[in-house]
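Chain residues, written in single-letter form:
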Amino acid sequence: MKNSMAAFCIFLLILSAQAHGFQFQDATGKIHKLEDYKGRWVLVNFWATWCPPCLKEIPDLISLYKDRKDIMVIGVAMDSGDPRVVMEFVRSMSISYPIVLGNRQIASQLDEISLLPSTYFYDPEGNPAARQLGIISRESIENFIEAKSIEKK
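Parameters at a glance
Residues numbered from 1 in each chain as written. Predicted model: local features only at pLDDT ≥ 70, side-chain atom pairs only at ≥ 80, totals over all residues. Heavy atoms only, no water. Buried < 20%, exposed > 50% of the residue type's maximum accessible area, 1.4 Å probe, protein only. Helix = DSSP H or I, 4+ residues; strand = E, 2+ residues; numbered from the N terminus. Pairing = 2+ DSSP bridges. Right-handed = clockwise from strand over helix to strand, strands pointing away. Arc of directions from axis to C-beta. Contact = heavy atoms within 4.5 Å. Polar contact = N/O pair within 3.5 Å; in protein donor to acceptor, adjacent residues only side chain to side chain. Disulfide = S-S within 2.5 Å.

S.K.: Help me understand the pairing of strand β4 (residues 71–77), please; the structure alone is not making it clear to me.
M.R.: One face of the sheet, then the other: side chains in a regular strand alternate in exactly this way. Of all the seven residues making up β4, seven are buried; the element is thus mostly covered by neighbouring parts of the structure. Across seven bridges, strand β3 (residues 41–47) lies against β4 in parallel orientation. Looking at β4, one finds that Phe46 is bridged to Val76. Chirality of the crossover, the property in question, places the unit of β3, helix α2 (residues 52–67) and β4 among those that are right-handed. Sheet analysis places β4 next to strand β5 (residues 99–101), joined by three bridges and oriented parallel. Residue pairing for β5: Ala77 is matched across the bridge by Leu101.

Now the structure itself:
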C-alpha cells in the first residue's frame, strides 16, 4: 500500500509539473522553458496567420516584447500548412519575439486550444496567472500586471 501511494504522489507531482510548465522549440531551434523566465511575466500567445483577431493583437505583443524587459512573449503559430508561409508572415509583420510552429501536441502542454487567439499568462514565479480566450491588448496586459502588483503589496 505504501509503495502504491508513493507512486501515486510522484504521478501527481509529475502531472502538476506538466500542467504548469512547458518546453517549446522556436523556429530558430532555441528551446524555451517556463522555468527559464523566472522573474519575468510570461505570455504564451496561440495564433494563426488566417485569424483576423490574432493579426489585430500582434502589434501590441510586439511593442510589449520590445518595450518591457519584465515580460517574455512567445508566439505559437497554429497554422497547419507550409511553415515558410508562417515565417514569411513573421518577417512581414516584423515580429521580434520567438515564434513556435505549433500543433495540438505542443498546445496540449498548456491546454486544449479551442479558440484563436488564446493567451496564457504566467507570473514571475512561474505560476499560471490568467488565460484569455479571444483578443488581448497591451493595455489589458499592463492593467493586469499593475493590479497583481498592487495585490502583492
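S.K.: Whenever I open this one, helix α3 (residues 83–93) confuses me. Can you help?
M.R.: Among all positions of α3, only Val86, Phe89 and Val90 are buried. Down the axis of α3, the buried side of the element spans an arc of 100°, and every buried residue falls inside it. Seen from the buried face of α3, the exposed residues on the opposite side, beyond 90 degrees, are Arg84, Arg91 and Ser92. On its buried face, α3 is in contact with β3, α2, β4 and β5. Among the residues of α3, the N-terminal cap falls to Asp82, whose side-chain oxygen and the backbone nitrogen of Arg84 are separated by 2.8 Å. Trailing α3 by a residue or two, Ser94 shows a phi angle of about 55°, which is positive.

S.K.: In this structure, what is going on with unusual backbone geometry? I would like to understand it.
M.R.: The general pattern is negative phi for most residues beyond glycine and trans for most peptide bonds. The omega angle of the peptide bond from Leu116 to Pro117 is -5°, so this bond is cis rather than trans. As for its position among the elements, Pro117 is in the loop between α4 (104–107) and β6 (118–122).

S.K.: Mind showing me how you'd approach the state of the cysteines here?
M.R.: A covalent bond bridging the sulfur atoms of two cysteines is what the word disulfide describes. Scanning the entire structure with this criterion turns up one disulfide. Across a sulfur-sulfur distance of 2.3 Å, Cys51 and Cys54 are joined as a disulfide pair. What sets the handedness of the Cys51 and Cys54 disulfide is the S-S torsion sign, and at about 75° it is right-handed. Each member of the pair Cys51 and Cys54 is classed as buried.

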